[in-house]
Structure formats: C-alpha cells, structure tokens
Amino acid sequence: MRRFVIGSARNLLHRSHQNSQFQRPLLSSSYRLLSSSPSANPSSSSSSTMAPPVALNNINPKVLECEYAVRGEIVTLAQKLQEEIKAKPESHPFEEILYCNIGNPQSLGQQPITFFREVLALCDHPAILDKSETQGLFSADSIERAWQILDQIPGRATGAYSHSQGVKGLRDAIAAGIEARDGFPADPNDIFLTDGASPAVHMMMQLLIRSEKDGILCPIPQYPLYSASIALHGGSLVPYYLDEATGWGLEVSELKKQLETARSKGITVRALVVINPGNPTGQLLAEENQKAIVEFCKQEGLVLLADEVYQENVYVPEKKFHSFKKVSRSMGYGEKDISLVSFQSVSKGYYGECGKRGGYMEITGFGADVREQIYKVASVNLCSNISGQILASLVMSPPKVGDESYESYSAERDGILSSLARRAKTLEDAFNKLEGVKCNKAEGAMYLFPRIELPEKAIKAAEAAKKAPDAYYCQRLLTATGIVFVPGSGFGQVPGTWHFRCTILPQEEKIPAVVSRLTDFHKSFMDEFRG
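Reading guide: rules and limits
Residues numbered from 1 in each chain as written. Predicted model: local features only at pLDDT ≥ 70, side-chain atom pairs only at ≥ 80, totals over all residues. Heavy atoms only, no water. Buried < 20%, exposed > 50% of the residue type's maximum accessible area, 1.4 Å probe, protein only. Helix = DSSP H or I, 4+ residues; strand = E, 2+ residues; numbered from the N terminus. Pairing = 2+ DSSP bridges. Right-handed = clockwise from strand over helix to strand, strands pointing away. Expected span 1.5 Å × (residues − 1). Arc of directions from axis to C-beta. Contact = heavy atoms within 4.5 Å. 1 Å grid on protein atoms, 1.4 Å probe; cavity = no way out; pocket = protein on both sides within 12 Å on 5 of 7 lines; lining within 4 Å. Points joined across faces, edges and corners; volume = space filled by probe spheres on them. Nonpolar A, V, L, I, M, F, W, Y, C, P; charged D, E, K, R; others polar.

(A) Local environment of the pairing of strand 6 (residues 303-307). Among the five residues in strand 6, five count as buried, and that is most of the element. Sheet topology note: the strand 5 (residues 268-275)/strand 6 ladder contains five bridges and is parallel. Looking at the pairing, I275 lines up with D307 of strand 6. Each parallel crossover has a hand, and the one from strand 5 via helix 12 (residues 287-300) to strand 6 is right-handed. Where strand 6 meets strand 7 (residues 340-345), four bridges bridge the pair, whose relative direction is parallel. Looking across to strand 7, one finds that D307 is bridged to F343. Taken together, strand 6, helix 13 (residues 324-330) and strand 7 form a β-α-β motif whose crossover is right-handed.

Given below as structure tokens:
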C-alpha cells in the first residue's frame with residue numbers, strides 16, 4: 001500500500017513538472033514551505049480577521065444541495081426533546097419520544113432472528129465452536145453453518161478484508177437464494193456485497209452520472225436517498241409522479257411523458273428507479289405493470305434500478321412480490337436485452353438488522369469492460385463489512401424444512417410479519433378517521449403516507465414560521481405528543497398537496513398510544529386553525 005501511495009505521489013509530481021503552466025507555483029510554494037528564511041512577517045496578518053478555511057461559501061455546492069429528510073430538522077428536534085426528558089422527565093407532556101420517522105425496527109423493540117445471531121456470534125468468536133458447552137447453547141444447524149462460512153473467509157477471521165465484491169462463498173449462497181426465489185439462474189460474479197443498499201445506489205449513480213446533463217427518472221414521492229445521491233454526484237433528478245388516486249400507481253404513460261420532457265431540455269436520461277414495494281408509499285406493483293416497465297426500459301435504452309429491499313414486507317394476500325429480474329427473464333429478455341441492477345438489504349424485511357450494514361446489488365446486462373470499472377470503484381473501499389456480508393447470505397439462505405432451527409425461525413419470521421400487517425391496518429384505519437386525512441392501503445414495506453388537507457389558517461401560520469405546511473404540522477405534533485413523523489415535502493409530492501410518512505414499526509402494544517395521542521392532537525390542531 002505504501003509503495004502504491006509513494007508511486008502515485010511521484011507520478012503526480014512528474015506530471016506537474018511536465019506541465020509548464022503549473023511548474024512555477026509548485027516550485028515556488030514548495031520553496032516557501034521548506035525555507036527556513038524568515039521571508040514573511042508572521043504578525044503582518046491577524047488570525048482574528050482570517051476567514052476559516054472551511055465555510056459554507058467554499059464547500060462543495062453539491063453537499064449543500066443534497067437533503068435527507070428522514071434524519072432532518074424534525075428528528076434533530078426530537079433528539080433534543082429526548083435529552084430534555086432524560087434530564088427532567090416532567091419537562092414535556094409526554095414521557096417518551098415515539099420514533100415513527102425511519103425504518104429502524106430494532107431501535108423500536110423488534111428482536112433479531114435467533115438463527116442469524118447465533119451464526120454471527122459463532123463466526124465472530126470461532127474459539128467457542130470447539131467447546132462442549134456450545135452444543136447446549138447453540139442449535140446444531142447454526143454451528144454447522146458457522147463452520148461452513150468460516151471455511152470460506154480468509155484466515156477464518158471476520159476481522160479480515162475480503163474480496164472487494166464480497167466473500168465468494170457468501171455470494172454463492174446469495175446467488176442460490178436468488179435462483180430459488182426467481183426460478184432463473186443467478187451468477188455469484190454478478191453480485192456485489194455492500195454496507196447496506198445505500199452504498200450500492202451511490203456506486204451506480206457515480207457510474208451513470210457524468211454531468212448535470214445526465215438524468216435519473218425517480219418516483220415522486222421517493223426515498224430521499226435517491227435525490228440526495230443524484231445531487232451529490234451532480235446529475236439531474238427527472239421526476240415521475242405516482243398516482244395517489246389509484247393507490248400510488250405507476251403509469252408507463254407518465255414515464256414516457258417525463259422522459260420526453262427531459263429530453264426536450266437536453267437531458268440524457270440514463271436510468272429508471274423503481275422502488276417495489278414502495279417507500280414511502282407502501283404499494284406493491286402488479287406483475288403486468290412490471291412487464292410494461294421492463295418493456296419501457298428496453299425500448300428506451302434505460303438502466304432499470306430496482307430497489308427491492310422490502311421484498312419480504314408484503315401484507316396483502318392477493319398480491320405477491322416478483323423481482324424485476326424474474327419478470328424480465330420470464331419475458332424472454334436476457335443479459336443482452338436489458339441492463340438491470342437489483343438492490344437488497346438486511347435492514348428491512350423481517351430481520352431489521354440496520355446497524356449491521358449488510359446488503360448487495362445484483363448487476364446484469366453490463367459488458368465486461370463496464371463491470372471492470374464497477375469492480376474498480378468497489379475496490380476503492382476495499383470491501384464491505386464481514387458481519388453484513390454473512391447476514392446477507394443468511395437472509396437469502398435461511399433455515400430449511402428439516403433443519404433444527406426451522407420451526408423457531410419460521411415462528412419468529414411469521415410473528416414479525418403478521419404483527420407488522422396488523423399495525424399497518426390499525427394505523428391506516430386511524431388515519432382515515434381523522435378530519436381531512438386520507439390514507440391509501442399499506443400493501444407492503446414499512447410505511448404509510450397519508451394525505452392531509454390543512455386549513456388555510458394553518459398554511460398561513462406555516463408560511464409565517466417559514467416552514468412547509470406539512471413540516472409545520474409534524475413539528476407541532478412532535479412538541480405536543482412526542483410522535484415523530486416525516487413531512488411529505490421531504491419525499492416530494494404533487495405541488496399543492498401535503499402528506500407525512502409514518503412507519504408501522506413501534507411495537508404493537510404502543511400503537512394504541514400513537515393512535516390516541518395523534519387523534520387528540522389532530523382534533524385540537526384542526527379546531528385551532530378552523531376557518
């Protein structure tokens with residue numbers, strides 16, 4: 001590594017000396033830096049009047065442009081209130097902050113899957129695998145799986161670097177899981193393991209966006225990761241609006257309209273982002289709709305970026321999750337027909353292992369030369385963390401019928417998913433009982449995105465406070481009840497409409513408190529601002 005850095009530095013100096021335009025400043029500044037002669041009077045400039053070397057007016061403007069509402073102003077205020085309650089419990093009219101702002105299940109009491117954690121524990125401390133007590137504390141299949149995984153990791157050490165795409169044996173397990181899910185082959189060499197899905201999204205934006213003239217079609221409402229990533233990489237977000245009136249439907253006619261509009265402005269649209277199941281909107285696409293989307297991408301030469309991290313979170317029996325890869329292959333389209341990137345994460349589903357930072361992207365339909373460039377970018381970060389890699393393999397290859405852990409694993413999984421479905425229905429019904437609020441059915445994911453009609457007086461009060469009306473409502477809700485919602489303006493929405501996003505993740509026994517506090521606050525708020 002040192003030889004690489006030294007060599008790079010020498011090359012940089014060599015290139016600089018070759019370029020006469022930069023030669024003099026380099027030599028001059030080097031001389032001033034190294035000279036011991038007191039050529040300048042240190043008291044000639046006062047440090048008190050010097051501008052700081054880093055300020056808002058000289059940092060990367062793309063950083064200023066990017067926003068991430070899920071952890072924005074409302075959450076910062078919530079954390080401040082939490083500290084105040086901790087220091088002085090009677091300081092607010094509520095005893096705790098109920099975080100309904102982010103898909104972070106275990107922070108709200110969801111328990112991890114036992115089998116997954118047993119395997120992780122054994123892999124992290126393999127010395128206990130040979131101890132007799134281990135047989136009584138851990139299931140036989142978790143011990144066996146840990147041995148299998150350790151045999152695939154360099155040095156049998158979870159503290160070691162791996163291949164930049166991830167441990168090959170873990171990618172083999174994930175590919176087998178994808179194949180079992182879809183019924184079509186999967187290649188482990190198409191899989192890049194990442195620290196959650198977010199770095200994979202950033203990697204693809206980095207690959208696709210060359211300038212502000214490159215655009216990415218994104219749903220509105222959208223998960224702010226996409227708008228933030230496009231902004232950071234200097235591209236243009238090309239919005240397409242989901243149809244709230246049809247349960248947040250995705251119409252191909254809308255895609256075509258927005259694509260043509262962007263092209264008329266000189267934007268080269270590179271890719272289409274589809275989030276299925278939807279975040280923040282909770283809808284699940286029908287297979288026929290997916291086929292039309294695949295056809296659209298093929299005809300228009302767009303990369304299909306399929307965010308499928310909520311694939312396990314489906315709450316309606318009449319619908320089923322289908323991966324875009326499965327749909328495209330079932331249409332007869334292969335590697336040469338469509339470029340497709342599928343994202344998966346260990347943070348969502350029934351596992352909710354957000355802090356472990358595990359995930360992957362499956363890349364198909366890219367040439368070998370482009371794949372080399374993706375691998376190069378992945379190599380810059382060396383590798384994703386090994387615990388996250390192990391979890392990603394376990395998520396896609398859980399216990400099977402006949403394994404010792406299968407019954408307990410199935411009970412834990414089904415218990416979490418059925419509870420999430422009940423919580424979603426309870427909150428949906430509660431929202432639809434509020435004056436001026438309409439909430440579509442939660443078919444999947446972890447969120448509801450109700451629309452709220454705010455009184456004119458409330459909108460004017462928000463303007464006076466220099467806030468978006470839905471942000472004003474959410475801030476008032478927080479300070480009155482301790483409930484944290486994210487304003488819809490952070491996700492994008494049809495101009496003139498207002499929404500908020502609420503997770504379904506507070507534990508089931510706390511949902512009645514959320515409903516009660518929200519109902520009382522909403523009535524009071526509407527009465528306060530009524531015509």
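Having put the structure on the table, let's press on.
(B) Structural view of helix 14 (residues 368-380). With 13 residues, helix 14 should cover 18 Å at 1.5 Å per step; its first-to-last C-alpha distance of 19 Å lies within 8% of that length. Buried within helix 14 we find R371, I374 and A378. For helix 14, the buried positions fall inside an angular range of 60° around the axis, keeping them on one side. Turned more than 90 degrees off the buried face of helix 14, the exposed positions are D369, E372 and V380. In this fold, the buried residues of helix 14 make contact with strand 2 (191-194), helix 9 (197-208) and strand 8 (359-364). Directly after helix 14, the chain includes L382, whose backbone phi takes a positive value near 70°.

(C) Representation of empty space enclosed by the protein in the model. One pass over the full model with this rule turns up two cavities of 30 Å³ or more. Lining the largest cavity are P219, P221, Y240, L242, L250, V274, I275, G278, N279, T281, Q283 and L285. Here the lining of the largest cavity is built from residues that sort into eight nonpolar, four polar and no charged. The computed volume of the second largest cavity comes to approximately 30 Å³. Secondary-structure elements contributing two or more residues to the lining of the second largest cavity are helix 8 (168-182), strand 7 and strand 8. Top element by residues in the lining of the second largest cavity is strand 7. It accounts for three residues. Residue composition of the lining of the second largest cavity, grouped by class: three nonpolar, three polar and three charged.

(D) Layout of the pairing of strand 4 (residues 236-241). Where burial is concerned, the two faces of strand 4 differ: the one with S236, V238 and Y240 is buried and the one with L237, P239 and Y241 is not. Across six bridges, the pairing between strand 3 (residues 214-220) and strand 4 is parallel. Residue pairing across strands places C218 opposite P239, the latter belonging to strand 4. Regarding topology, helix 10 (residues 224-232) serves as the crossover connection from strand 3 to the parallel strand 4, and that connection is right-handed.

(E) Structural context of the sheet that holds strand 10 (residues 447-448). Strand order in the open sheet made by the three strands is 10-14-13, with antiparallel pairing throughout. Looking along the sheet, the strands with just one partner apiece sit at the ends: strand 10 and strand 13 (486-487). Alignment of strand 13 against strand 14 (residues 500-503), held across two bridges, turns out to be antiparallel. Bridge pairing in strand 14 links V486 to R501.

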